[in-house]
Number of protein chains: 2
Amino acid sequence: MTYCVALRMDRGLVFMSDTRTNAGVDNISVFRKMHSWAAEDRFITVLTAGNLATTQAVISLLDERSKAVGERVPSVLGQPSMFQVARLVGDTLREVIKANAGDGQAADSSFNATLILGGQVGDGEPRLFLIYPEGNFIEASDDTPFFQIGEMKYGRPIIVRAFDPAMSFADAIKLLLVSFDSTIKANLSVGLPIDYLVYEAGTHRAAHEGRIQADDPYFQKISSGWGEALRRAFDSLPPFEIPDRAPAEASTGAPAP
Amino acid sequence: MTYCVALRMDRGLVFMSDTRTNAGVDNISVFRKMHSWAAEDRFITVLTAGNLATTQAVISLLDERSKAVGERVPSVLGQPSMFQVARLVGDTLREVIKANAGDGQAADSSFNATLILGGQVGDGEPRLFLIYPEGNFIEASDDTPFFQIGEMKYGRPIIVRAFDPAMSFADAIKLLLVSFDSTIKANLSVGLPIDYLVYEAGTHRAAHEGRIQADDPYFQKISSGWGEALRRAFDSLPPFEIPDRAPAEASTGAPAP
């Protein structure tokens, strides 16, 4: 499993991904799930979840094509807009899945993968897409300004409640670390280290990029502090008053004989 | 889907369940998922998740047998211990699933169901079990003093962080309402009203039992207050400091040409 999140903010985009891959609980490895391409007129980041062979093939294909400078089309560096980049990445993903699944090979797990694509091309706005295994995709909007892929449920409530596209990049990373911590505590298949990347609108380069290791003192502070902060938040809610009345009879079944 | 939780506390047991069932998003209904049996020497509650036809059949079978006073064995009211009650309930569940699935019938969804069983028989301790579709079961312990069934992920982090078996019953219900609220906000297939039941050790009767409707003023206070409390908790964490250094190059792909 995997956990990746991307936020569409007023000032740009923020990406975070874990690095754990597993083929069974006794076969875990560390792989980067965040990949970026830069050129003078654009910056593009892809987060990957799903079958590792599929996602690595997709990234390698995109990578190879972007390096053949003479023939940049079809390359993520040659497309005229983020929408066209999304189409290219989606088509590449679908091709890879089809190539693996199509010729009668069977596998215990599926070859599927899901991607998040974000970035900016030229003067366009920074845009964020969620790309499905079928190759089609949806775009983040003001109503839904973030995407999660992989093991998304544990860490979703805090994002839903606390994310504000106007917050600072530092607060956004703090928020994502809280979300990742809740997920890591609950699911063994999501693990440190965590990669993050901040893209500031209009710059066409990564503003900040880093990796947070398991022994990172800030992450440990967040992880232990969040438990206490949650308990304080819980205590601040008004108490439930148990109604002072005889309970109804047992809802089903025979009364006492 | 469904969301049910049971807590094993120092003073007894607390149960909570939603009431929404769905066969597709356009076919939702309200069904009670909490069922209790009482006798002078025992109190037993079952929470159900999974195929509604299966869980209703299990409850009806247990119910019919408990009403035939002359032949209380095998009945939940005739078993000498909670462990034997769990075996009986597990066997009944397995039988019902086998009867539906065994004779070649196919269905879009599976006939499976999972149950939580809690209660107290005679002088024994209150005990809590999670019963699998196969009919076998596990028991809550000091290390894992609660069980969830159904759509458990969204509401799990707050229980993991804030539950303390020594807390009051009122606090336990407040905690579960927060957990249910997070789940209901994220998953359409979990819905109000919510049923709850408090069992106090040694009493052999429900101490409190009730249903919380969507317009319940306390639930609305919790639901709106929790968002704010979470944001305050988030603000109380130390800020992330974005390292003041040039970012590494884009992790993959060609540098700017």
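For the structure itself, look to the data block above.
Everything in this summary refers to the structure shown in the same document. (Residues numbered from 1 in each chain as written. Chains lettered and ligands numbered in written order. Predicted model: local features only at pLDDT ≥ 70, side-chain atom pairs only at ≥ 80, totals over all residues. Heavy atoms only, no water.)

Let's shift gears to the overall build of chain A. The helix and strand tally for chain A stands at 5 helices and 12 strands. Counting only residues that meet the buried cut, chain A has 52% of its 257 residues in that class. (Helix = DSSP H or I, 4+ residues; strand = E, 2+ residues; numbered from the N terminus. Buried < 20%, exposed > 50% of the residue type's maximum accessible area, 1.4 Å probe, protein only.)

Residue and element names in this part refer to chain B. Summarising burial for strand 2 (residues 12-17): 6 of the 6 residues are buried, a large majority. Hairpin connection, strand 1 (residues 3-8) to strand 2: the antiparallel pair is bridged by 3 residues. Inspection of the sheet shows strand 2 paired to strand 11 (residues 194-200) by 6 bridges, in the antiparallel sense. Bridged to Phe15 within strand 11 is Leu197. (Pairing = 2+ DSSP bridges.)

Turning our attention to the packing of aromatic side chains. Tallied over the entire structure, the rule returns 14 aromatic pairs over all chains. With a centroid separation of 5.4 Å and an interplanar angle of 85°, the aromatic rings of Phe129(A) and Phe137(A) are classed as edge-to-face. Aromatic side chains Phe43(B) and Tyr199(B) sit 5.4 Å apart centroid to centroid with 5° between the ring planes, which places their arrangement in the stacked category. Taken as a pair, Phe43(B) in strand 6 (residues 42-50) and Tyr199(B) in strand 11 lie far apart in primary sequence, 156 residues in all. Given the relative accessible area of 2%, Phe43(B) is considered buried. Here Tyr199(B) falls in the buried class, since its relative accessible area comes to 1%. Joined through ring pairs, the aromatic side chains of Phe83(A), Phe129(A) and Phe137(A) make up one cluster. Over the ring of Phe234(B) we find Lys174(A), and its NZ or CZ is 4.6 Å from the ring centre. (Phe/Tyr/Trp six-rings, centres within 6.5 Å; stacked < 30°, edge-to-face > 60°. Lys NZ or Arg CZ within 6 Å of the ring centre and 35° of its normal.)

What follows deals with the relation of the copies chain A and chain B. If you rotate chain A by 180° and push it 0.0 Å along the axis, it lands on chain B with an RMSD of 0.0 Å. Accordingly, the operation relating the two chain copies is best matched by a two-fold axis. Residue Tyr154(A) of chain A places its C-alpha closer to the rotation axis than any other residue of that unit, at 2.4 Å. Looking at the interface residues of chain A, 100% of them are also at the interface in chain B, so both copies use one shared face. (Least-squares fit on C-alpha atoms with pLDDT ≥ 70 in both. Contact = heavy atoms within 4.5 Å.)

Residue and element names in this part refer to chain B. A full pass over the atoms with the stated rule returns 28 salt bridges over all chains. Where Asp181 meets Lys185, a salt bridge forms, and the shortest distance between an N and an O atom there is 3.3 Å. Highlighted residues: Asp181 and Lys185, both in helix 4 (residues 169-186), separated by 4 residues, approximately one helical turn. The buried category is assigned to Asp181, whose relative accessible area is 2%. Taking the relative accessible area as the measure of exposure, Lys185 reaches 46% and is therefore partly exposed. (Salt bridge = Lys/Arg side-chain N within 4 Å of Asp/Glu carboxyl O.)

Of the residues lining the interface, 76 residues belong to chain A; the matching set on chain B comes to 76 residues. For the chain A and chain B pair, buried surface summed over both sides reaches about 6200 Å², with 64% attributable to carbon and sulfur atoms. Counting the surface chain A buries against chain B, the share from its top three residues, Arg161(A), Phe234(A) and Phe240(A), is 15%. If you look at where chain A meets chain B, you find 4 salt bridges. Our enumeration of links across chain A and chain B arrives at 18 residue pairs in polar contact (both at pLDDT 80 or more). Listing elements by their share of the side of chain A that touches chain B, those giving two or more residues are strand 5 (34-39), helix 1 (52-67), helix 3 (156-162), helix 4 (169-186), strand 12 (206-212) and helix 5 (217-236) of chain A. Top contributing element to the side of chain A that touches chain B by residue count: helix 5 of chain A, with 15 residues. Along the lines of polarity and charge, the residues of the side of chain A that touches chain B split into 42 nonpolar, 13 polar and 21 charged. (Buried area = accessible area lost by both parts, 1.4 Å probe. Polar contact = N/O pair within 3.5 Å; in protein donor to acceptor, adjacent residues only side chain to side chain. Nonpolar A, V, L, I, M, F, W, Y, C, P; charged D, E, K, R; others polar.)

Further remarks concern the sheet that holds strand 2 (residues 12-17) of chain A. Residue and element names in this part refer to chain A. Read from one edge of the open sheet, 5 strands run 10-1-2-11-12, paired in antiparallel fashion. The outermost strands of the open sheet, each flanked by one partner alone, are strand 10 (146-150) and strand 12. With direction set aside, neighbouring strand axes in the sheet form an average angle of 10°. Bridge count between strand 1 (residues 3-8) and strand 2: 5 bridges; the pairing is antiparallel. (Axes fitted to C-alpha atoms, helices over the stretch in contact; angles between N-to-C directions.)

Below, the discussion takes up the nonpolar core. Judged by nonpolar contacts, the single largest core of 74 residues is most densely connected at Trp226(A) and Trp226(B). When sequence neighbours within four positions are dropped, the list of residues in contact with Trp226(B) reads Arg161(A), Leu230(A), Ala233(A), Phe234(A), Leu237(A), Ile158(B), Val178(B), Ser182(B) and Lys221(B). (Core = buried A, V, L, I, M, F, W, Y, C linked by side-chain atoms within 4.5 Å.)

All names here are of chain B. Strand order in the open sheet made by the 5 strands is 10-1-2-11-12, with antiparallel pairing throughout. Edge positions in the open sheet fall to strand 10 (146-150) and strand 12 (206-212), since each of these has one partner strand only. Along the sheet, successive strands turn relative to each other by an average axial angle of 10°, direction set aside. Across the sheet, helix 4 lies against strand 1, strand 2, strand 11 and strand 12, angled at about 25° from strand 2, the strand it touches most.

All names here are of chain B. Structurally, Pro126 can be placed in the loop between strand 7 (113-121) and strand 8 (127-131). Considered as a pair, Pro126 and Arg42 are 84 residues apart in the sequence and their alpha carbons are 9.7 Å apart. Setting aside chain neighbours within four positions, we find Pro126 in contact with Leu13, Gly119, Gln120, Tyr199 and Ala201.

Time to look at unusual backbone geometry. All names here are of chain A. A cis amide bond links Leu192 to the next residue, Pro193, at an omega of -5°. Tracing the backbone shows Pro193 in the loop between helix 4 and strand 11 (194-200). Despite not being glycine, His204 has its phi angle at roughly 55°, a positive value. Take His204: it is sitting in the loop between strand 11 and strand 12. Look at His204 and you get buried, because its relative accessible area is 16%.

On the secondary structure map, Glu151(A) appears in the loop between strand 10 and helix 3. A distance of 2.9 Å separates polar atoms of two side chains, one belonging to Glu151(A) and the other to Lys153(B). Contacts of Glu151(A), omitting those with residues within four sequence positions, involve Met1(A), Thr2(A), Tyr3(A), Thr183(A), Asn187(A), Val190(A) and Lys153(B).

Just distances and angles here, no functional claims.
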